[in-house]
Amino acid sequence: LEKKPNDYKALVQLLGLLRGAGKLEEAPRFLSRAQKQDPRSSLHMGFAFCKGLYHRYISDVPEAITHFNLARKDGEWSAKALEHLIELYVDPAGDLLSEDDISSAEDASSGPASRSDAGTAENLKVSQ
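Residues numbered from 1 in each chain as written. Predicted model: local features only at pLDDT ≥ 70, side-chain atom pairs only at ≥ 80, totals over all residues. Heavy atoms only, no water.

## Section: the overall build of the chain
So, point 1. The number of helices and strands found in the chain is 7 helices and 0 strands.
So, point 2. Secondary structure elements of the chain, listed N to C terminal, follow the sequence α-α-α-α-α-α-α.
So, point 3. Summarising the internal contacts of the chain: among those between residues at least 6 apart in sequence, 56% fall at separations of at least 24.
So, point 4. Of the roughly 8,100 Å² of accessible surface on the chain, 51% is carried by carbon and sulfur atoms. (Helix = DSSP H or I, 4+ residues; strand = E, 2+ residues; numbered from the N terminus. Contact = heavy atoms within 4.5 Å. Areas by Shrake-Rupley, 256 points an atom, 1.4 Å probe, with all protein chains shown as cover.)

## Side note on the nonpolar core
So, point 1. Among the nonpolar cores identified, the biggest contains 28 residues, and Tyr8, Leu11, Leu15, Phe49, Cys50, Leu53 and Phe68 are the most heavily contacted of them.
So, point 2. Among the elements that make up this core, the one with the highest residue count is helix H3 (residues 45-57) (7 residues).
So, point 3. Setting aside residues no more than four positions away along its own chain, cysteine 50 makes contact with Tyr8, Leu11, Val12, Leu15 and Leu31. (Core = buried A, V, L, I, M, F, W, Y, C linked by side-chain atoms within 4.5 Å. Buried < 20%, exposed > 50% of the residue type's maximum accessible area, 1.4 Å probe, protein only.)

## Focus on the environment of proline 28
So, point 1. Among the structural elements, proline 28 can be located in helix H2 (residues 27-37).
So, point 2. Given a relative accessible area of 33%, proline 28 falls into the partly exposed group.
So, point 3. Placed 23 residues apart in sequence, proline 28 and lysine 51 show a C-alpha to C-alpha distance of 9.1 Å.

## Let's talk about the packing of H2 against H3
So, point 1. Relative to each other, H2 and H3 sit at 165°, their axes nearing to 11 Å. By the angle between their axes, H2 is roughly antiparallel relative to H3. Here H2 runs over H3; the crossing is left-handed. Of the residues in H3, those touching H2 at Ala27, Pro28, Leu31, Ala34 and Gln35 are Phe47, Cys50, Lys51 and Tyr54.
So, point 2. For the contact of H2 with H3, the class distribution of residues is 7 nonpolar, 1 polar and 1 charged. (Axes fitted to C-alpha atoms, helices over the stretch in contact; angles between N-to-C directions. Parallel < 35°, antiparallel > 145°, perpendicular 65-115°, else oblique. Left-handed = near helix turned anticlockwise from the far one by under 90°. Nonpolar A, V, L, I, M, F, W, Y, C, P; charged D, E, K, R; others polar.)

## A few points about the pattern of salt bridges
So, point 1. Scanning the model with the defined rule gives 3 salt bridges in all.
So, point 2. Of the charged contacts, one joins glutamate 76 and lysine 9 as a salt bridge, the two residues approaching to 3.4 Å between their closest N and O atoms. Here glutamate 76, found in the loop between helix H4 (61-71) and helix H5 (78-90), pairs with lysine 9, found in helix H1 (residues 8-21); they are 67 residues apart in sequence, far enough to count as distant.
So, point 3. A salt bridge links glutamate 87 to arginine 56, with the nearest nitrogen and oxygen atoms 2.8 Å apart. (Salt bridge = Lys/Arg side-chain N within 4 Å of Asp/Glu carboxyl O.)

## Some words on H2
So, point 1. Within the span of H2, buried status applies to Ala27, Phe30, Leu31 and Ala34. In a view along the axis of H2, the buried residues occupy a sector of 100°, so they form one face of it.
So, point 2. Residues of H2 that are buried sit in contact with H1 and H3. (Arc of directions from axis to C-beta.)

All we've got here are geometric facts, nothing functional implied.
Put into structure tokens, the structure is as follows:
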């Protein structure tokens, strides 16, 4: 990334490593370098995916959704972006759901927001 700041596959890996190491505060520097290296990077779907991933990791769900929606329009990044979108709509807090949680959620009368999110996630799966 020092030599090629716009290597978005490497940037995705770095974001995962930074998250695992608890050093996400370093991520904006790499995103900024990628943007400075190529003024048109904001139009590249790999960059949109990286920004979506970063925003997901810092729990900024609306920004993550915005960037993943852009990335899903590209053949190379669409499957991964769609996967993250579905996960965000099904469980925006990022908590892991057990089968018991899912069963009890289906049995209980859930609020309109969760039904709407689940419906949106289902529509995302169908549109792929």
